[in-house]
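# Structural overview
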Amino acid sequence: MKIFISIYKVGCLLFFIGLNPWLFAQEADSLQLQLNMDAVYNRPFLYEGSFPVAVGGYIEAHGEYFVSDGITEGVSFKIPRMTLFVSSTILDRLKFLSEIEFEEGTKEINIEFAALDFEFHPLINLRGGIIMNPIGAFNQNHDGPKWEFVDRPISATTIIPSTFSNVGFGLHGKTYQDQWVWAYEAYVTNGFDDKIITNSEGRTWLPATKENTDRFEENFNAVPLITLKTAIRHRKIGEIGLSWMGDVYNKYEEDGLMLDEKRRLDVVAIDFNSSAIKNLDIIGEWVWAFIDVPTTYSQQFGTQQQGGFIDFVYTIVKSKMLGWENAKVNLAVRLEHVDYNVGSFVETGGSIHDDVQAIVPAISFRPSSQSVIRANYRYTWQTDLLGNPAVRTAGFQIGISSYF
Amino acid sequence: MASIKIQCLIVASTGFLLNACDGVFPDAPAENELLDGPIEGLSFPEQNVFLAGDVAFNDEVFTSESGLGPLFVATSCGSCHPGDGKGHPFTTLTRFGQTSPNQSTNVPKGAPQLQNKAIPGFVPEQLPAGMPFMKFTPPAVTGLGLLAALTDEQILENADPSDSDDDGISGVPNFINPPGYFQPQWFHRQINGRFIGRFGKKAAAIDLLQQTSTAYNQDMGITSTFEPLDVATGLTIDPEVSDQTIRDVVFYLRTLKAPIQRDPEAADVIQGQRLFNEIKCGSCHLSSWTTPESDITTLSNKTFHPYTDLLLHDMGPELDDGATEGSAETYEWRTPPLWGLGLSPDSQGGEFFLMHDGRAKSIEEAILMHGGEAATSRDSFEKLSDPEKQMLLTFLKSL
């Protein structure tokens, strides 16, 4: 319980800092000072004359071949997502943007983002609609063409259930001084449900909450999900962000009847990116999740999860290639770790495992910054709850992705 | 300069890809290092049923929506039997209610098994105060079809209730009242309305259908047409798993391969097996059996080596938990098969949890916990020299 109180205090602190306009003086925006939170607007759009609506999107497709402990499912081709953007500047300081995603063909069709932004002051913007909860960086900055790897980071999709969107309202803003930009976001939205611990994965699994499409219609319980983020960026050094989201995830009351105790879920993340070293980009994110699981439930549902990734992307060639101006060839590597169940068994005192490690070397060719042809090798070690010998999976993925 | 870099890159990438198939993909573990996998010789239709059972056994995780609980011990078959091997104390079963052989009255509420976990909003069972109980670590499930194919006559051939050969070993069957859905096969033999149990720590299950249906019900709180009573209320509710799924799982269990011995020709293994027989471990841990004709062709006329006689033996007061099942005395336990013993740490999180409740943390510790009819063998083991003990342990780890 103490840890939840501490997290709550951190959250309040972030929120307070976020609303403190005196910390930074104002300065004009610039591309060099784009933050992860700007990713939603920092996309190529197609404008047609004075037509007030701009459209855009991106697509990702790939082929892969994996072998798991000597057994392969063979070659497989996938189109994980195709996304359409529609944006409109309704008035000078009133904008609308939507992002509709088609996953794996039409297996899932989601409105990932559909929000109105009212700017009252650079530090005070009201956002309402379907928003992407600003937890970590990847959830907001997830467009396929921006990344050198075919798969999304494991921690950013299985602890933070990217892309995680909810209906709600909130404030965001930023301010500049010299080489610095500072920003905050604070939202109140619908949130999680009890599927996070009653799912067929057999573990605490935050992505299971996305099965509840009713969350766009009503909150699962009476308690809203609060998400707070603050980030700071130096033009030459990079960006670091701190974020928190917290919610009661279970249905503790129905029709006036008390069904259970209120059970909290809190997620804390730190993200960073830097281009301080010439030709080298470093991007990383680490997340901790704390879940109040009933002690009488199975220990296979973890009360704490943690994980993250770090990407190193090194540009080895940047020149005109094959007729493309400003083409690039990048070498990259991603290191990943996720522990879905931090703790130890009551019966033996031994560590609970249920963890994954991966290393992903990659190479990419970018005809422009908006398009990428990428190939990576992925080696994954996945250990079960008990810590039995890890299942080793390795394979190659080759894919394309581009804004359009 | 750029073109040189690109050429170097292409050469390096090509070299890497040419070597890609050699070492970059993880190899399959050796067949004798794995417990899962089908017995050889299944037909295509049989492989399809095996696969369906495999999915139900290892992949299906029950949730409150799909029927889990509300009281339960585990959420899936695979969580108790990872990789089809022995389980971990985390999913240990607690059995209680019967404190003497053949007891059918005064069975306390909640018996025969404690459901010590509950879905959110429910309260798990508590063991009645002062009630004797047994804890069962989940066993490996490999090779069960071969044991299931044996005839009751074969099992009875090794029984010696009155120790007529005066060797100190007096194996007895556990006679079980069959559940209503039990359908006797040609190889079953009815004795005073009861049948011989051969599965479970006390040999309380007659066949794999009973074992499977009971496990769905008592371990996961899943009702079926075979076991229709909800463990929380004791009342009938709609079936939560289909007959077909249960039969697929039974087929899967029947057709899992038997564990394969490692290094059977190694000198230490051969010497260890000689010592194993010399100190008469093999009197109960009977090495070899041969199946009769079976409805699954590949199970027919197979000689296999489970190291069990499927009979109950007095294991002494140290292993008397005060609770029992069927006609077994509280101090009697079925001889557990030793095949796959050396692979136990691969399914028990890198450790050994042996004996019926996982109390032994090594094979040697398990041997030293043997009492009753096994006391002479245990004493003989203690008298072996250290190298001899090591050879015996090497043999057991090779199984």
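Residues numbered from 1 in each chain as written. Chains lettered and ligands numbered in written order. Predicted model: local features only at pLDDT ≥ 70, side-chain atom pairs only at ≥ 80, totals over all residues. Heavy atoms only, no water.

Another point: the overall build of chain B. For chain B, the count of helices and strands is 11 helices and 11 strands. Radius of gyration (C-alpha) of chain B: 23 Å, near the 21 Å computed for a compact globule of 399 residues. If you line up chain B on its principal axes, its C-alpha atoms span 90 × 60 × 45 Å. Residues counted as buried form 54% of the 399 residues belonging to chain B. Within chain B, contacts between residues at least 6 apart in sequence are counted, and of these 67% link residues at least 24 apart. Accessible area of chain B: about 17,400 Å², with a carbon and sulfur share of 54%. Averaged over its 25 positive side-chain charges, chain B has a centre that lies 3 Å from the centre of its 53 negative ones. (Helix = DSSP H or I, 4+ residues; strand = E, 2+ residues; numbered from the N terminus. Rg over C-alpha atoms; globule rule 2.2 N^0.38 Å. Buried < 20%, exposed > 50% of the residue type's maximum accessible area, 1.4 Å probe, protein only. Contact = heavy atoms within 4.5 Å. Areas by Shrake-Rupley, 256 points an atom, 1.4 Å probe, with all protein chains shown as cover. Lys, Arg positive; Asp, Glu negative; His and termini not counted. Charge placed at Lys NZ, Arg CZ, Asp CG, Glu CD.)

Across the boundary between the two partners, chain B contributes 40 residues, which contact 42 residues of chain A. Of the roughly 3,000 Å² buried between chain B and chain A on both sides combined, carbon and sulfur atoms contribute 69%. When residues of chain B are sorted by the area they lose upon contact with chain A, B:Phe25, B:Pro26 and B:Phe90 head the list and together hold 22% of the total. Where chain B touches chain A, the interface holds 1 salt bridge. Linking chain B with chain A are 9 residue pairs in polar contact (both at pLDDT 80 or more), by the criterion used here. Counting residues per element, the ones that place at least two in the side of chain B that touches chain A are helix H1 (2–18) and strand E4 (117–118) of chain B. The class makeup of the residues in the side of chain B that touches chain A is 24 nonpolar, 11 polar and 5 charged. (Buried area = accessible area lost by both parts, 1.4 Å probe. Salt bridge = Lys/Arg side-chain N within 4 Å of Asp/Glu carboxyl O. Polar contact = N/O pair within 3.5 Å; in protein donor to acceptor, adjacent residues only side chain to side chain. Nonpolar A, V, L, I, M, F, W, Y, C, P; charged D, E, K, R; others polar.)

The share of residues in chain B with pLDDT of 70 or more is 94%, and the mean pLDDT across the chain is 94. Complex prediction metrics read pTM 0.90 and ipTM 0.90. (pLDDT = per-residue confidence, 0-100.)

Bringing the side chain of A:Ser401 into the picture now. Residue and element names in this part refer to chain A. Along the chain, Ser-401 turns up in strand E18 (residues 391–403). With relative accessibility at 3%, the residue Ser-401 sits in the buried group. Reaching out from Ser-401, the side chain makes a polar contact with the backbone oxygen of Ile-59 at a distance of 2.9 Å. If near-sequence neighbours (up to four positions away) are discounted, Ser-401 is found in contact with Tyr-58, Ile-59, Glu-60, Gly-144, Pro-145, Gln-370, Ser-371, Val-372 and Arg-374.

This brings us to the pairing of strand E14 (residues 304–321) of chain A. Residues and elements named next belong to chain A. Two elements, strand E13 (residues 280–291) and E14, share 11 bridges in a ladder whose sense is antiparallel. Residue pairing in the sheet places Trp-288 in a bridge with Gln-306 of E14. Where E14 and strand E15 (residues 324–339) come together, 14 bridges link them in antiparallel fashion. Each residue of the ladder has a partner; that of Val-313, found in E15, is Ala-332. Counted along the chain from E14 to the antiparallel partner E15, the turn is 2 residues long, and its residue Leu-322 has a positive phi close to 50 degrees. (Pairing = 2+ DSSP bridges.)

All names here are of chain A. Considering all chains together, one arrives at 34 salt bridges over all chains under this definition. A salt bridge links Asp-69 to Arg-392; the nearest nitrogen and oxygen atoms lie 3.2 Å apart. Residue Asp-69 is found in the loop between strand E1 (53–68) and strand E2 (71–91), and its partner Arg-392 is found in strand E18; the two are separated by 323 residues along the sequence. Taking relative accessible area as the criterion, Asp-69 reaches 17% and is therefore assigned buried. In this structure Arg-392 comes out as partly exposed when scored by relative accessible area, which is 25%.

As a further point, take the nonpolar core. Nonpolar side chains in soluble globular proteins tend to end up buried together. Counting 72 residues, the largest nonpolar core has A:Phe192, A:Val267 and B:Tyr216 as the members making the most contacts within it. If you list the elements that add at least two residues to this core, you get strand E12 (264–274), E13 and strand E16 (355–368) of chain A together with helix H2 (44–59), helix H4 (144–149), helix H5 (152–157), helix H6 (208–220) and helix H7 (243–255) of chain B. Considering every element that reaches this core, the biggest residue donor is H7(B), with 6 residues. The residues contacting A:Val267, other than those within four sequence positions of it, are A:Ile135, A:Ile160, A:Leu206, A:Ser243, A:Trp244, A:Met245, A:Val287, A:Trp288 and A:Ala289. In terms of nonpolar packing, the next biggest core, distinct from the first, is built from 32 residues, B:Met315, B:Ala323, B:Met391 and B:Leu393 among them. (Core = buried A, V, L, I, M, F, W, Y, C linked by side-chain atoms within 4.5 Å.)

A word on the packing of H2(B) against H7(B). Residue and element names in this part refer to chain B. It is the contact of H2 with H7, at a shortest axis distance of 7 Å, that shows an interaxial angle of 105 degrees. In terms of their interaxial angle, H2 and H7 are classed as roughly perpendicular. Counted together, Glu-46, Val-49, Phe-50, Ala-52, Gly-53, Asp-54, Ala-56, Phe-57 and Asn-58 of H2 and Thr-245, Asp-248, Val-249, Phe-251, Tyr-252, Leu-253 and Thr-255 of H7 form the full contact between these two elements. Residue composition of the contact of H2 with H7, grouped by class: 9 nonpolar, 4 polar and 3 charged. (Axes fitted to C-alpha atoms, helices over the stretch in contact; angles between N-to-C directions. Parallel < 35°, antiparallel > 145°, perpendicular 65-115°, else oblique.)

Residue and element names in this part refer to chain B. With 13 residues, H6 ought to run about 18 Å at 1.5 Å a step, and its terminal C-alpha atoms sit 17 Å apart, in line with that. Most of H6 sits inside the fold, with 10 of its 13 residues counted as buried. Turning to H6, its buried residues are Leu-208, Leu-209, Gln-210, Thr-212, Ser-213, Tyr-216, Asn-217, Gln-218, Asp-219 and Met-220. The N-cap residue of H6 is Asp-207: its side-chain oxygen and the backbone nitrogen of Leu-209 are 3.4 Å apart. (Expected span 1.5 Å × (residues − 1).)

Residue and element names in this part refer to chain B. The 3 strands are arranged E3-E2-E5 in an open sheet whose pairing can be described as antiparallel. The open sheet has two free edges, formed respectively by strand E3 (113–114) and strand E5 (133–136), since each of these has just one partner strand. Bridge count between strand E2 (residues 93–96) and E5: 4 bridges; the pairing is antiparallel. Directly across from Leu-93, in E5, lies its bridge partner Phe-136.

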